[in-house]
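One letter stands for each residue in the lines below.
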Amino acid sequence: MWAQIPPEAWDGTTVCEPADNPDIGPITLLQLAILRLTEVEVHGTDLDLGLCDWSDPFIDAALPMRIAWLPRRHTPSQAPSGSWNLVATDGPSFNVAVSQGVVSASPGKAYQADATISGPKADLLGLLLGRVDVADLAIAGDETTARRFATTFPPP
C-alpha cells in the first residue's frame, strides 16, 4: 500500500490524531512513516533480535526530522540560552540555538556556537533519541553548554 502513494502525497498529506488522544499534533504522512520506522529500527535493536545497526536510510530521514522538531521539545524554563553545532563526521551538520526562549534549528555549515558536538550521524540521532550520552561524543567549545543539550532538549 505504501508503494502506491504518489510522491507529492508524502509531504502534502496531513495526518491528525484522534481528538481525544492528542500526542504529537498534525504531521505529514512522511513524518508518520519515519516515526513508524523509528519504532522498528530502534526497538528492534533494543530487543536484540539480531537486526543490524540502524540503517542509513533511516538515519538520513530521521536525523533532519528530529532536528527540525527540537523547538517543540523545548520550554523556556528548561535551560538558559545557548547554541550548538551538531556535526556528523559522516554526514550533515546542524545549527541549534536558544535565545530568549526561542529555538532555531537548521541544517547547514556550522556557524560559531557555544559548543560543537561531533560524532557519526547515527550517534547524533542517538543523542536526540536519548540513546547516546553527549559525553560519548566529541565536544569542542563550552563543555557545560554541550552537556546541557540533553536537558535543554529532553529526548522523546
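Residues numbered from 1 in each chain as written. Predicted model: local features only at pLDDT ≥ 70, side-chain atom pairs only at ≥ 80, totals over all residues. Heavy atoms only, no water.

What follows concerns the sheet that holds strand β3 (residues 82-88). With respect to topology, five strands assemble into an open sheet ordered β5-β4-β3-β6-β7, the strand pairing being mixed. The sheet is open, and its two borders are formed by β5 (102-107) and β7 (138-141), each paired with just one other strand. Strand-to-strand twist in this sheet, taken as the mean axis angle between neighbours without regard to direction, amounts to 15°. Lying over the sheet, helix α3 (residues 56-68) contacts β3, β4 (93-99) and β5, oriented at roughly 15° with respect to β4. Strands β3 and β6 (115-119) of the sheet are contacted by helix α4 (residues 121-128), whose axis makes an angle of about 140° with β3. (Pairing = 2+ DSSP bridges. Helix = DSSP H or I, 4+ residues; strand = E, 2+ residues; numbered from the N terminus. Axes fitted to C-alpha atoms, helices over the stretch in contact; angles between N-to-C directions. Contact = heavy atoms within 4.5 Å.)

It is worth spelling out the pattern of salt bridges at this point. Enumeration according to the criterion identifies three salt bridges in this entry. Among the salt bridges present, the one from lysine 121 reaches aspartate 60, with a minimum N-O distance of 2.8 Å. Of the two residues, lysine 121 is situated in helix α4 and aspartate 60 in helix α3; the sequence distance between them amounts to 61 residues. Under the relative-accessibility criterion, aspartate 60 is labelled partly exposed at 41%. With its nearest N and O atoms 2.8 Å apart, the salt bridge here joins arginine 147 to glutamate 143. (Salt bridge = Lys/Arg side-chain N within 4 Å of Asp/Glu carboxyl O. Buried < 20%, exposed > 50% of the residue type's maximum accessible area, 1.4 Å probe, protein only.)

Attention now goes to α3. A rise of 1.5 Å per residue sets the reference length of α3, with its 13 residues, at 18 Å; its end C-alpha atoms lie 19 Å apart and thus fit the reference within 8%. Of the positions making up α3, those classed as buried are Phe58, Ile59, Ala62, Leu63, Met65, Arg66 and Ile67. Tucked inside the fold, the buried residues of α3 contact α2 (29-46), β3, β4, β5 and α4. (Expected span 1.5 Å × (residues − 1).)

Once that is clear, we can look at the environment of glutamate 17. By the secondary structure assignment, glutamate 17 is in the loop between β1 (14-15) and β2 (27-28). Sequence separation between glutamate 17 and proline 156 is 139 residues; the distance between their C-alpha atoms is 17 Å.

Turning our eyes to something else, we now look at a nonpolar patch on the surface. Together, Leu47, Leu49 and Leu51 line one region of the surface with nonpolar side chains, adding up to about 330 Å² of accessible area. When you line up the elements, leucine 47 lands in the loop between α2 and α3. Assessed through its relative accessible area of 59%, leucine 47 is described here as exposed. (Patch = residues over 30% accessible without salt bridge, like charges linked within 9 Å, V, L, I, M, F, W, Y side chains within 5 Å. Areas by Shrake-Rupley, 256 points an atom, 1.4 Å probe, with all protein chains shown as cover.)

Here the focus is the nonpolar core. One finds Trp84, Leu86, Ile117, Leu125, Phe149 and Phe153 to be the most contacted residues of the largest nonpolar core, which totals 35 residues. For this core, the secondary structure elements donating two or more residues are α2, α3, β3, β4, β6 and α4. The biggest single contributor to this core is α3, with six residues. (Core = buried A, V, L, I, M, F, W, Y, C linked by side-chain atoms within 4.5 Å.)

Our focus in this paragraph is the packing of α3 against α4. α4 packs onto α3 with a crossing angle of 45° between their chain directions and a minimal axis gap of 9 Å. Overall, the two elements α3 and α4 adopt an arrangement that is oblique. Along this stretch, α3 crosses α4, giving a crossing that reads as left-handed. Note on element contacts: α4 touches α3 through Lys121, Ala122, Leu124, Leu125 and Leu128, opposite Asp56, Phe58, Ile59, Asp60, Ala62, Leu63, Arg66 and Ile67. When grouped by side-chain class, the residues that make up the contact of α3 with α4 number nine nonpolar, no polar and four charged. (Parallel < 35°, antiparallel > 145°, perpendicular 65-115°, else oblique. Left-handed = near helix turned anticlockwise from the far one by under 90°. Nonpolar A, V, L, I, M, F, W, Y, C, P; charged D, E, K, R; others polar.)

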